[in-house]
Amino acid sequence: MLHSLAGRAENAMQARVLAQLRDEGPLSRVQLADRLDVSRTTIAAEVTRLAELGLAQEVGPAASRGGRRSTMVDLAPDLRFVGISIGATGLSVGVTDGRLAVLGSRQIECDIRTGPEAVLAAAIEEARSVLEECGGVKPLGAGIGVPGPVDFHRGVSVSPPIMPGWDGYPVRDAVARELGCSVVLDNDVNVLAAGEQHAGVARSARDFLFVKIGTGIGCGIVVDGELYRGVDGCAGDIGHIRVEEFGPTCACGNTGCLEAFSGGAALARDATAAARAGRSPILAEILEQRGELTAADIGAAVAQGDAQAVQLIRDSGHRVGQVLASLVSFFNPGLIVIGGRVTGLGHALLAEIRGVTYRRSLPLATGNLPIVLSELGDEGGVIGAARLISSSVYAPLAGERA
């Protein structure tokens, strides 16, 4: 049986306290007052109210700094968020505590093309199972990422190229009804960027790009610590930047898109063509055994020294690097993080992307620009989704006192 007593922040100061505790861990009242630049009396009053709301608690005296000891404050231990990260071929579901530590998670294979009812039913079933495993506490909220454009304010998918049947579907409201809590919906790349910002290699970066290379290709943009979505929510849709005048037809209907050359489905297509043409004995053998190839099979062939597989990765990384070089010149980020399933191809792909990006960008823009692989794996989407909903739940309702 799910149960919960927690409310939500009543004002902006309470929301700031909760965000500090989420991102930094337990802090003393004195530390909170210093960081938020308010009086200790104000912090004491707000912490008391947050405890009454079931959102925070005092957890004993702080270390002595001379004089009277301050009191340590932490988030309530029974706060729970659900993170749901839906990809083209699978989904990850997890439950976190108030500080977004993952308490339990699971991954299942799932085809996005089966439509929203089937996919969301599977996600909700997994979420309920993990919630029960984590003590049966009703979640404060759930975050969801999907692999396509999203109207963030309405909580719906909008004309997603690889998601037939999802256009206009009320994803946010459907999940909120089933789980009985607040829900936010965003595209999967923004969710992964939020996860990287909270728990990954971008923790100390204020301005960075998160590039996801999976079935599709997209880019999460973080400016001064905040996700940038653009006017209509489709900022960062770099998979549909044209890299060749002519080329394979993309899922969006155009030709020559980056995604049509370098996405996971495109790599599988090119690997299959190479196997059937006799250019890659190793890929041909895998194709004969299984009847189909994936991007991961290219990595396996590279590990066995297959020259054609190496060339496929180099071609893919070259085109991604071309686009990133343009983004670097335009945005001048402090960090680029590469994630997504295709990064299972590892350092061969990363080396090509780095080489092209550094060669084609201005030296000033790349002199201190790390380009690194994400280390979060499947949990990145769960943590990012939980991060987005926590920011929404911890924030005061519109119209309430600041």
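Scroll up to find the structure this text is about.
Quick caveat, the model's predicted, so the values are computed rather than measured.

Asks: Before we move on, could you go through the sheet that holds strand 4 (residues 81-86) and cite the residues and values that matter?
Replies: Taken in spatial order, the 5 strands of this open sheet run 6-5-4-7-10, and their pairing is mixed. Lying at the two open borders of the sheet, with one neighbouring strand each, are strand 6 (102-109) and strand 10 (182-187). For this sheet, the mean angle separating the axes of adjacent strands, direction not counted, is 15°. Relative to strand 10, helix 6 (residues 188-199) is tilted by about 105°, and along the sheet it contacts strand 4, strand 7 (141-146) and strand 10.

Asks: Can you lay out the layout of surface pockets for me, pointing to particular residues and giving the numbers?
Replies: The computed volume of the second largest pocket comes to approximately 760 Å³. As for the second largest pocket, its lining consists of 26 residues, and the residues nearest its centre are R22, Q197, G225, E226 and R387. Taken together, the elements giving at least two residues each to the lining of the second largest pocket come down to helix 1 (12-24), helix 6, strand 13 (226-227) and helix 14 (379-394). If you tally residues by element for the lining of the second largest pocket, the top one is helix 1, at 6 residues.

Asks: Go over the sheet that holds strand 2 (residues 56-61) with me, naming the residues and quoting the values.
Replies: Pairing is antiparallel across the open sheet formed by 3 strands, whose spatial order is 1-3-2. Both outer strands of the open sheet, strand 1 (27-28) and strand 2, are each paired with one neighbouring strand and no more. The sheet contact formed by strand 2 and strand 3 (residues 71-75) spans 4 bridges and is antiparallel. Looking at strand 3, one finds that P61 is bridged to T71. Sitting on the sheet, helix 1 touches strand 1, strand 2 and strand 3, and the angle it makes with strand 3 is about 85°.

Asks: How would you summarise the pairing of strand 11 (residues 208-213) if you had to cite specific residues and measurements?
Replies: Strand 11 sits mainly inside the fold: 6 of its 6 residues count as buried. Burial of the side chains of strand 11 extends over both faces: F208, F210 and K212 are buried on one face and L209, V211 and I213 on the other. As defined by bridge partners, strand 11 adjoins strand 12 (residues 217-223) across 6 bridges and the pair is classed as antiparallel. Across the sheet, the residue bridging to I213 is I217, located in strand 12. What sits between the antiparallel neighbours strand 11 and strand 12 is a turn of 3 residues.

Asks: Now, about helix 12 (residues 347-360): what can you tell me, with residues and values included?
Replies: The terminal C-alpha atoms of helix 12, which comprises 14 residues, lie 20 Å apart, in line with the 20 Å expected from a rise of 1.5 Å per residue. By the burial criterion, the buried members of helix 12 are L349, L350, E352, I353, V356 and T357. The buried residues of helix 12 occupy an angular sector of 165° when the element is viewed end-on, so they sit on one face. Pointing more than 90 degrees away from the buried face of helix 12 are the exposed residues H347 and R359. At its buried positions, helix 12 is contacted by strand 11, helix 11 (307-331), strand 14 (335-339), helix 13 (363-366) and strand 15 (371-373).

Asks: Outline the packing of aromatic side chains, listing residues and values.
Replies: Using the criterion set out here, one finds 1 aromatic pair in the structure. On the numbers, 5.6 Å between centres and 75° between planes, the contact of F81 with Y394 is edge-to-face. Residue F81 is located in strand 4, and its partner Y394 is located in helix 14; the two are separated by 313 residues in the primary sequence. Of the residues examined, F81 reaches a relative accessible area of 0% and is grouped as buried. The exposure class of Y394 is buried, given its relative accessible area of 2%. The ring of F152 has R229 lying over it, and the distance from NZ or CZ to the ring centre is 3.7 Å. Positioned above the aromatic ring of F261 is the side chain of R319, whose terminal nitrogen or guanidinium carbon lies 4.0 Å from the ring centre.

Cut-offs used in this document
- Just so you know, the residues in each chain are numbered from 1, in the order the chain's sequence is written.
- Local features in this predicted model are restricted to residues of pLDDT 70 or higher, and side-chain atom pairs are both shown and tallied only at a pLDDT of 80 or more, whereas totals for entire chains, interfaces and linings draw on every residue.
- The basis for every side-chain value is the complete set of heavy atoms in the structure, and neither hydrogens nor water enter the calculation.
- The pairing criterion for strands is at least two bridges between them, as found by DSSP.
- In this text, helices come from DSSP runs of H or I with a minimum length of four residues, and strands from runs of E with a minimum of two, each type numbered from the N-terminal end.
- Fitted lines through C-alpha atoms serve as axes, helices being fitted only where they are in contact, and the angles separating the N-to-C directions of these axes extend from 0 to 180 degrees.
- Note on contacts: a residue pair is in contact if any heavy atoms of the two residues lie within 4.5 Å.
- Using a 1 Å grid laid over the protein atoms alone, points where a 1.4 Å probe fits but cannot get out form a cavity; open sets with protein on both sides within 12 Å along at least 5 of 7 lines form a pocket; any residue with an atom within 4 Å of a point counts as lining.
- Grid points are joined across faces, edges and corners, and a volume is the space filled by probe spheres set on the points.
- Per-residue accessibility, obtained with a 1.4 Å probe over protein chains only, is compared with the maximum for each type, and a residue is labelled buried under 20%, exposed over 50%, and partly exposed between these values.
- Helix span is expected to be 1.5 Å times the residue number reduced by one.
- The directions considered for the arc run from the helix axis to the C-beta atoms.
- Within 6.5 Å between ring centres, the rings of Phe, Tyr and Trp (the latter by its six-membered ring) count as paired, and their orientation is classed by plane angle as stacked under 30 degrees, edge-to-face over 60, tilted in between.
- Charge-over-ring placement is defined geometrically: NZ (Lys) or CZ (Arg) within 6 Å of the ring centre, and within 35 degrees of the ring normal.

By themselves these figures say nothing about function.
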